[in-house]
Amino acid sequence: MNARSHGAMVLDHLRARLAERPAGPLYLGFSGGLDSCVLAHALARLLPPGALSLLHVDHQLHADSATWADRAERFAQRLGVGFRRLPVQVNRAAGLGLEGAARAARYAAFTEATPPDALIALAHHRQDQAETLLLQLMRGGGSGAMAGMRALRRFSDQRWIWRPLLDLDRSRLRAYAVAEQIDWLEDPANTDLGLDRNWIRHRVLPVLSERWPHADRLLSSAAERLRAESEDRERLAEQRLAAAATLAPEVRRWPVWNGLDRFALGEVLRAWCRRLGFAVPPASLIARLHQQLVASADSSADDHFRLIWSGYELRCYRDLLRLAEPSPPLQLSDCDWSGLEPCDLPGGGRLSLEPPVTAAQTWRVSARHGGERLLLPGRTHHSSLKKCLQALGLPPWEREQIPLLWNTDGELLAAGDVLLSASLEAWLQRHQCRLRWVAAQKVSDEPGRAG
Ligand SMILES: Nc1ncnc2c1ncn2[C@@H]1O[C@H](COP(=O)(O)OP(=O)(O)OP(=O)(O)O)[C@@H](O)[C@H]1O
């Protein structure tokens, strides 16, 4: 195939990708390197005037960066397409490494420079995909990470990242550039073997290609398969999550997860984290969670466990899981309550009488301290509050928030509105009202919660 027919092939390929792209204004992340020059040139040829804008991020990492930005702008002018220069500060303090920090700055600049429904094209091609797979392998990534880059993915709200060249060979892009006499920028950083990607590109892939001439094609098709599998698993995890009854956004009933292996369990937990906008837990934590769930599956004991990562907490109790930011137990100094007005508790909880009564009471409200006992209706002996709450199956995160109501004789009248003493029940009947407790994490009254 000569250079001209390679060029025609690139255009045909791109025409097909353009036809199936999502709607929205089109931008191209334009470095000025070979690949993005070819993509800019081909898109400018295929699209009507005014339909494309190039975004050049100036990372300001080397002395020539402004000159490069000038050259990038002249290239855009020659093509007759829009152009924006986006200077950024690369913050290396975030612990990402230079390449990662530059990418983070670039994506933040893309978000800032585009409307929420934008489609942002990037010029990654097949070799980039093969390198990504090997890079992830050397980082010890799981199959999800090795699935590499997606041709189309959501990014920052409604925007899309679009990689229309992902299954094209670099040699075709080079042939296109030669045929069209494109004058691209050669970034000296691309030959810096101190960067992992360059090491793979210049040292590893050539060796693999000696033995397997189409090594990059094989690698990118492996990434493609892994991606398809990982997308299937994600879909399944979403379905499993949806099947677990939602008692509150942060509380799910989980028997549906019972019997899942730890990989499937991890997928469900990650799906839940994504939905709540939480950082995903590390693999070691998922393995621990799995062990714990297996160990507690046959136990009818009251014990529960919690796992913590990056400021989030997963708590498990019987068939309930709670995923949230950790909340401290009820912090409440004893206070008096007349019952006339609702009693607001720290952290958003509240005790009230409904309908309100007109005569003031001399009650006290306190947090639990342990060892409390109460006389339940129909009983002749006091029962342990702790045992009663356990018997009710009230999860520990609710128990920790439960306020206690006392009379002046030091008799326990109620724990929230879930346990009432015989004397309070009689009093409520006499006054034709009920005690109501609303706690921030309370789920007892939510639909879907079986007794
Ligand atoms: N400074 C930049 N400004 C805008 N977009 C960029 C910039 N650097 C990279 N990109 C986009 O990200 C893609 C991948 O970046 P990468 O660093 O792998 O490519 P490159 O070798 O620098 O450039 P090219 O892919 O254009 O040859 C580029 O093809 C381009 O679309």
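Residues numbered from 1 in each chain as written. Predicted model: local features only at pLDDT ≥ 70, side-chain atom pairs only at ≥ 80, totals over all residues. Heavy atoms only, no water.

If you look the protein up in an unreviewed UniProt entry, it shows as tRNA(Ile)-lysidine synthase from Pseudomarimonas arenosa. According to the UniProt record, the Catalytic activity (unreviewed entry) comment for the protein reads "cytidine(34) in tRNA(Ile2) + L-lysine + ATP = lysidine(34) in tRNA(Ile2) + AMP + diphosphate + H(+)". The Sequence similarities (unreviewed entry) field of the UniProt record for the protein holds the comment "Belongs to the tRNA(Ile)-lysidine synthase family." (UniProt positions renumbered as here; feature names shortened; annotations may be inferred.)

Looking now at the packing of aromatic side chains. Applying the stated rule across the entire model yields 7 aromatic pairs. With a centroid separation of 5.9 Å and an interplanar angle of 50°, the aromatic rings of tyrosine 107 and phenylalanine 110 are classed as tilted. With a gap of 3 residues between them, tyrosine 107 and phenylalanine 110 both fall in helix H4 (residues 97–113), about one helical turn apart. Exposure remark for phenylalanine 110: the relative accessible area of 2% places this residue in the buried category. Both rings, one in tryptophan 337 and one in tryptophan 363, keep their centres 5.8 Å apart while their planes meet at 45°; by these two values the pair is tilted. You can see tryptophan 337 sitting in strand S12 (residues 335–337) and its partner tryptophan 363 sitting in strand S15 (residues 363–366), a full 26 residues away along the chain. Relative accessible area serves as the criterion here: at 6%, tryptophan 363 is assigned to the buried category. Through a chain of ring-to-ring contacts, the aromatic side chains of Tyr107, Phe110 and Phe155 assemble into a single cluster. (Phe/Tyr/Trp six-rings, centres within 6.5 Å; stacked < 30°, edge-to-face > 60°. Helix = DSSP H or I, 4+ residues; strand = E, 2+ residues; numbered from the N terminus. Buried < 20%, exposed > 50% of the residue type's maximum accessible area, 1.4 Å probe, protein only.)

Looking at the ligand, there are 17 residues lining it, with Gly29, Ser31, Asp35, Ser36 and Val57 nearest. Within the backbone of leucine 34, a nitrogen or oxygen atom sits 3.4 Å from an oxygen atom of the ligand. Between the ligand and aspartate 35, the relevant distance is 3.0 Å, taken from an oxygen atom to a side-chain nitrogen or oxygen of the residue. Protein burial of the ligand: of its 560 Å² of free accessible surface, 86% is covered by the chains. Every element with two or more residues in the shell around the ligand is listed here: helix H2 (34–46), strand S2 (52–58) and H4. (Near = heavy atom within 4 Å. Polar contact = N/O pair within 3.5 Å; in protein donor to acceptor, adjacent residues only side chain to side chain. Areas by Shrake-Rupley, 256 points an atom, 1.4 Å probe, with all protein chains shown as cover.)

Reading across the sheet, the 5 strands line up as S12-S15-S18-S19-S20 and stay open at both edges, with antiparallel pairing between neighbours. At either end of the open sheet lies a strand with only one pairing partner, and these are S12 and strand S20 (419–420). By the bridge criterion, 3 bridges tie S12 to S15 in an arrangement that is antiparallel. Paired with tryptophan 337 across the two strands is tryptophan 363, which belongs to S15. (Pairing = 2+ DSSP bridges.)

A few words on the UniProt feature "binding site: ATP" (unreviewed entry) in the protein. The sites that UniProt annotates as "binding site: ATP" (unreviewed entry) are Ser31, Gly32, Gly33, Leu34, Asp35 and Ser36. Positionally, glycine 33 belongs in the loop between strand S1 (26–29) and H2. Not counting residues up to four positions away in its chain, the partners in contact with glycine 33 are Trp184 and Leu185. On the secondary structure map, aspartate 35 appears in helix H2. Residue class for aspartate 35 comes out buried when judged on its relative accessible area of 18%. (Contact = heavy atoms within 4.5 Å.)

Turning to its location among the elements, serine 220 is positioned in helix H9 (residues 215–243). Judged by its relative accessible area of 11%, serine 220 falls in the buried class. Excluding its chain neighbours within four sequence positions, the residues that come into contact with serine 220 are Arg126, Gln129 and Ala130.

Here, the residues flagged by UniProt with the feature "domain: Lysidine-tRNA(Ile) synthetase C-terminal" (unreviewed entry) are residues 363–437. Helix makes up 29% of residues 363–437 and strand 28%, whereas the separation of the span's terminal C-alpha atoms amounts to 15 Å.

Moving on, we get to the packing of H9 against helix H10 (residues 262–276). Closest axis-to-axis distance for the H9/H10 pair is 8 Å, and the angle between their directions is 75°. The orientation of H9 with respect to H10, classified from their angle, is roughly perpendicular. Seen from H9, the contacting residues are Arg233, Glu234, Ala237, Glu238, Arg240 and Leu241; seen from H10, they are Ala264, Glu267, Val268, Ala271, Trp272, Arg274 and Arg275. Classifying every residue of the contact of H9 with H10 by side-chain character gives 6 nonpolar, no polar and 7 charged. (Axes fitted to C-alpha atoms, helices over the stretch in contact; angles between N-to-C directions. Parallel < 35°, antiparallel > 145°, perpendicular 65-115°, else oblique. Nonpolar A, V, L, I, M, F, W, Y, C, P; charged D, E, K, R; others polar.)

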